[in-house]
Structure formats: structure tokens, C-alpha cells
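Residues per chain are reported as follows:
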Amino acid sequence: MRLRGIGSSITYQARIPGALKVRDDFGIRTVDAMMRVSDDQTQSSSGVVTLLPEDPWVDANPLFSEPLLPNSLVYDAEASVDLATWNTVQNQVSTNNPIRPGMLFSLRYSAKDNFGPGDRHEGFGETMTFRVVTRDKLVEELRRRQIEQRMQLQQVADEEAVATLELTETVHPNAAGDQAKSARGRFKAMARRQQALGRRVRFISEAYQRILWEYENNRLIESNKVRQMEAVITTPLNVLAKEDFPSTARLVTRFLRAADESVRSSAVEGYRDIKVRLDAILNEMEQAENLAALLEELRNVINLETDAIREVQKRLQELESILF
């Protein structure tokens, strides 16, 4: 099971998705998932850490994207387990929810084959354990990671601005006289640096995409808002990494070989366009950081109001029972 878009810390209503692959020489008969919930370890007044007994494994009610065909030797599917199956109360600290912040949620997939006539062979995947945390704690962690990625992208944007100036001012080797060898080396280094910056942008895009998926799978941000963020952050980053950085690097190499100032102008224009687009993405990243915090703050206010209304209704019912 290869997890996708979920980390080691989850909320009480998280979806845990991933890509599942099962193989067996006798043919696969069944594929299942089991879950176990336990309290986190406790520490006594004397400082001794006590591990509480683990609960038994129970059916995790997994969802699979593809049906298991009879006698299949290989089974590939998207699989997921949804904590909202058990946590039906929209209150993360409600004791009516069996999985709450401060608990550990363990999950493992298993499969049985068609071996016979004796007992079926059963195989187990790796046990995956997640720490259930409060929504605001996970939002705080994800925002910290968002800021880290924005700072890394800001460094790329700053380096691109410096590289633009260097490309504009560096004399072509044909006109550099005794410094021709040095100038040629500088242009080669510019092309390599542009390729390296593109790879860094791709890594940032991948890391940021994982953050957005965690927001979505933990039900911290609605799916449609996540798609909107992808459209203005990760998608344009991927385009820059796959197309614009490599193409400008090739233009630098072309200019080095041909000494055509129009090629240099095209490369400089490409560098400047990249910088403008990076600045726009950086602004969207900052807006996304603020959005996550605002949505969670609004949700907390709504929960407080709901709790207050319930308390008033409870008191009214008690008063009515006394009066009537």
C-alpha cells in the first residue's frame, strides 16, 4: 500500500487513500483492510511511560476503485479508508466519536489466496499508524510547511532575477578577447543553473501538491477550493519546471553557439517572464496560507455557536420539565 496525500498526523474525519498492489501465484481470493484504535501512551506522575493494551483488529470498511476479478494473479486499485464512517458527530472532541485527538489509528491491508484444499494463505501489508490530532494543530503544521515551500520558491525567484542581469550583461566569448574561455564557461554555467532551477521548482511543486492533498484528505479544505489552488499554484509551477526553464536554458546554449543577439534577447525575455510568473505564484501561495487559517477559524466559531445553541436548548428543556 503506497499512501497518497496523507501524513502521519490526521484529523478525526480523515480519508486515508493510496495505491494498493496485491500479487499471488495461486490467485487472489479476497482483499481486506483492518483497523485498530488505541490511546496514546501515558506518563505517570513518576515519569514512567506506560503502554496501554492494544484493541483488537476490526474491519476497516475499505473502498476500492476496482472490483477484484476471480482468480486474479495481480490486483491493482486505489484504496481508501474513511474515518467519517465511525466518527459521525461533527465535533472532534465528542466522546460519541470512537476516534478522537490523542489516539493512535492503525491500518493494515490483507489478502487471502486460492490455495487448497487446506487453509488459505493470508498475507499482510505493512501496518500504518497515524496520530489523530486536533484540526487546528494539523492546520498549523501544514501552514508551516506551506511557508517553507514559499520561502524556497522565493529563493528561486531571487536567483532568477540575478541570472537575468548576468545574462544581459555578460559579453559573448567572440567579443571577450582574452576572457573568451571564461565567458564561455559562464554561459555554460548559466544554462546548467537554469536547468537546476527548473528541477527545484518541480520539487517545490510536488511538495506543495502533497500539502494540498493533506488539506483535502483531512477535510480541512473543500475539494473544489483545493482544485482552485492547484490551478494557480502547482499547475503553473509544473509548466515552468517542464517547459520554460528548460527552453530558456536551450536559448542560452544557442546564443553561446551562434552569437545571435536576437537569441539573447529571447532568452532574457524568457527569464523575465519566468520571474513575473513566479511572483504571481508566490502571491497565490501567501493567499492560500491565509485561507486555510481563516477557514479553520470560521469553523471554530460556528462550532462554538452550535455548542452554545445546544446548551441553551438543553436548559430550556430542563426548565420546561420543571415547570410543566
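Structural data are supplied above this passage.
Owing to the predicted nature of the structure, the values given are computational and were not obtained by experimental measurement.

Scanning the model with the defined rule gives 4 aromatic pairs in all. With a centroid separation of 5.3 Å and an interplanar angle of 75°, the aromatic rings of Phe26 and Phe115 are classed as edge-to-face. One end of the pair, Phe26, is in strand β3 (residues 15-39); the other, Phe115, is in the loop between β9 (103-113) and β10 (122-124), with 89 residues separating them in the sequence. Among the aromatic side chains, those forming a connected cluster through ring pairs are Phe64, Tyr75 and Tyr109. The ring of Trp213 has Arg4 lying over it, and the distance from NZ or CZ to the ring centre is 3.8 Å. A cation sits over an aromatic face here: Arg108 above Trp57, 4.4 Å from the ring centre.

Considering the arrangement of structural elements, one finds Asp279 in helix α5 (residues 261-323). By relative accessible area, Asp279 is classed as partly exposed at 34%. The spacing of Asp279 and Asp158 is 121 residues in sequence and 9.8 Å in space, taken between C-alpha atoms.

Looking now at the nonpolar core. Core analysis: the largest hydrophobic core is formed by 30 residues, its most contacted members being Leu153, Leu237, Phe245, Leu278 and Met285. Of all the secondary structure elements, the ones that give two or more residues to this core are α1 (135-169), α2 (180-217), α3 (223-232), α4 (234-258) and α5. Once residues within four sequence positions are removed from consideration, Phe245 is found in contact with Val156, Glu160, Gln194, Leu197, Gly198, Val201, Leu240, Ile274 and Leu278. Ranked by size, the runner-up nonpolar core spans 27 residues in total, among them Ile16, Ile28, Val31 and Ala60.

Another aspect to go through is the environment of Glu206. You can see Glu206 is positioned in helix α2. Among the residues examined, Glu206 registers a relative accessible area of 36% and is labelled partly exposed. Between the C-alpha atoms of Glu206 and Thr234, which are 28 residues apart in sequence, the distance is 7.6 Å.

What follows deals with the packing of α1 against α2. Packed helices, taken two at a time, are described by the angle between their axes plus the distance between the axes. Between α1 and α2, the least distance of the axes is 10 Å, while the angle of their chain directions is 160°. It follows that α1 is roughly antiparallel to α2 by the angle criterion. For the element pair α1 and α2, the recorded crossing hand is left-handed. Each residue belonging to the contact of α1 with α2 can be placed in one class, and the counts come to 15 nonpolar, 5 polar and 9 charged.

Here we take up the pattern of salt bridges. As enumerated under the stated definition, the model contains 15 salt bridges in all. Notably, a salt bridge pairs Arg186 with Glu166, separated by 3.5 Å at the nearest N-O pair. In this pair, Arg186 is assigned in helix α2 and Glu166 in helix α1, connecting sequence segments 20 residues apart. On the basis of relative accessible area, Glu166 is assigned to the buried category, the value being 19%. For Arg277, the salt bridge identified is with Asp273, shortest N-O distance 2.8 Å. Taken together, the residues span about one helical turn, with Arg277 and Asp273 both in helix α5 at a distance of 4 residues. Given the relative accessible area of 26%, Arg277 is considered partly exposed. The class for Asp273 is partly exposed, based on a relative accessible area of 33%.

Calculation criteria
Residues numbered from 1 in each chain as written. Predicted model: local features only at pLDDT ≥ 70, side-chain atom pairs only at ≥ 80, totals over all residues. Heavy atoms only, no water. Phe/Tyr/Trp six-rings, centres within 6.5 Å; stacked < 30°, edge-to-face > 60°. Helix = DSSP H or I, 4+ residues; strand = E, 2+ residues; numbered from the N terminus. Lys NZ or Arg CZ within 6 Å of the ring centre and 35° of its normal. Buried < 20%, exposed > 50% of the residue type's maximum accessible area, 1.4 Å probe, protein only. Core = buried A, V, L, I, M, F, W, Y, C linked by side-chain atoms within 4.5 Å. Contact = heavy atoms within 4.5 Å. Axes fitted to C-alpha atoms, helices over the stretch in contact; angles between N-to-C directions. Parallel < 35°, antiparallel > 145°, perpendicular 65-115°, else oblique. Left-handed = near helix turned anticlockwise from the far one by under 90°. Nonpolar A, V, L, I, M, F, W, Y, C, P; charged D, E, K, R; others polar. Salt bridge = Lys/Arg side-chain N within 4 Å of Asp/Glu carboxyl O.

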